[in-house]
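Listed here are the chains, written in short residue letters.
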Amino acid sequence: MIAVAIDGPSGAGKSTIARAVANALGYLYIDTGALYRSVGLYALRSGADPHDREKVKALLPGLTLSLRHVEGVQRVFLNGEDVSEAIRTPEVSRASSAVSAHPEVRAFLLETQRALAREHNVLMDGRDIGTVVLPDAQVKIFLTASAEKRAERRYKEYIEKGIETSFETVLQDVVKRDYDDSHRAAAPLKQAADAVELDTSEMTLAESEEAVKAIVLARCGQEG
Ligand code: DC
């Protein structure tokens, strides 16, 4: 099996780029952020403060998550309910970042992620894929862009979906999530020593996709 790990901060374009490259190469695209977002959504719905480690930990036994792929598109199910759209709000973004800091949450999601990589050629995106989840991945890419560029992209997404917010709020959220994601004790966001860094600040989406595809093919074109 071939595993491609793509890590990086939020809004670097990971999911859009990773999905396109996975489709082009015939690999299964796994968006691991959707799992953390689902835990965040579940905490919010249960009335638990996502920062409260004990409260969130107590929720986990009542939570079943699964990823299914419908025509190449990943859907995430929370106790049987398709929450793929419900997890894409600013509130759930903040909650997901909070719950992802709890080691119990990370341990709870680890096996789900590894099992997928055992069964399929995967292109998996997240924060700790190259460092923790799949340390033996054949290809590791660390995708970044400036905070302003990433906030711009996320702001556009929210506006297109009719979610009301301001650019300043989105930028503050991006900066705060970067800080929290890279300073937490459990599996912080950091570049794996053997990852290739790709800064997409000045690249179009098409250029970024080509660059990622080229890195993957250079590493395992013959195997794939
Ligand atoms: O990629 P995303 O924005 O959908 O991720 C949501 C949150 O989940 C993010 O703030 C950090 C966390 N996350 C993580 O800790 N580890 C991952 N592999 C993926 C996401």
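To keep things clear, this report deals only with the structure shown in the data block. (Residues numbered from 1 in each chain as written. Predicted model: local features only at pLDDT ≥ 70, side-chain atom pairs only at ≥ 80, totals over all residues. Heavy atoms only, no water.)

Details of the nonpolar core
In step 1: Counting 34 residues, the largest nonpolar core has Val39, Val105, Val122, Met124 and Leu134 as the members making the most contacts within it.
In step 2: The residues touching Val122, leaving out its near neighbours within four places in the chain, are Ile2, Ala3, Val4, Tyr27, Leu28, Ile30, Leu116, Ala117 and Leu134.
In step 3: Counting 20 residues, the second-largest nonpolar core is a separate cluster that includes Ile6, Ala18, Tyr29 and Val139. (Core = buried A, V, L, I, M, F, W, Y, C linked by side-chain atoms within 4.5 Å. Buried < 20%, exposed > 50% of the residue type's maximum accessible area, 1.4 Å probe, protein only. Contact = heavy atoms within 4.5 Å.)

A short note on the site of the ligand
In step 1: Around the ligand lies a shell of 17 residues, among which Arg37, Arg106, Arg127, Arg177 and Arg184 are the nearest.
In step 2: Within the side chain of Thr32, a nitrogen or oxygen atom sits 3.0 Å from a nitrogen atom of the ligand.
In step 3: Contributing elements (two or more residues each) for the shell around the ligand: α2 (33-46), α4 (90-99) and α8 (167-183).
In step 4: It is α2 that provides the largest number of residues to the shell around the ligand, a total of three residues.
In step 5: By residue class, the composition of the shell around the ligand is two nonpolar, six polar and nine charged. (Near = heavy atom within 4 Å. Polar contact = N/O pair within 3.5 Å; in protein donor to acceptor, adjacent residues only side chain to side chain. Helix = DSSP H or I, 4+ residues; strand = E, 2+ residues; numbered from the N terminus. Nonpolar A, V, L, I, M, F, W, Y, C, P; charged D, E, K, R; others polar.)

Some words on the pattern of salt bridges
In step 1: If you walk through the whole model with that rule in mind, you get 17 salt bridges.
In step 2: The residue Arg118 makes a salt bridge to Glu111 at a minimum N-O spacing of 2.4 Å.
In step 3: A residue is classified by how much of its surface remains accessible, and Arg118, at 53% relative accessible area, is exposed.
In step 4: Where salt bridges share partners, they join Arg75, Asp82 and Glu85 into one cluster. (Salt bridge = Lys/Arg side-chain N within 4 Å of Asp/Glu carboxyl O.)

Topic: the pairing of strand β3 (residues 65-70)
In step 1: For β3 and strand β4 (residues 73-78), the ladder comprises six bridges, and the chain directions are antiparallel. Looking at the pairing, Leu65 lines up with Leu78 of β4.
In step 2: In sequence, β3 turns back onto β4 through a hairpin of two residues, with Glu71 there showing a positive phi of about 50°. (Pairing = 2+ DSSP bridges.)

Description of the packing of aromatic side chains
In step 1: With the rule as written, the count across this model stands at one aromatic pair.
In step 2: Note on Tyr155 and Phe167: the rings are 6.1 Å apart at their centroids and 85° apart in plane angle, and the pair reads as edge-to-face. Taken as a pair, Tyr155 in helix α7 (residues 147-160) and Phe167 in helix α8 lie far apart in primary sequence, twelve residues in all.
In step 3: A residue is classified by how much of its surface remains accessible, and Phe167, at 26% relative accessible area, is partly exposed.
In step 4: Of note, Arg68 hangs over the ring of Phe77, and the distance from its end group to the ring centre comes to 3.8 Å. (Phe/Tyr/Trp six-rings, centres within 6.5 Å; stacked < 30°, edge-to-face > 60°. Lys NZ or Arg CZ within 6 Å of the ring centre and 35° of its normal.)

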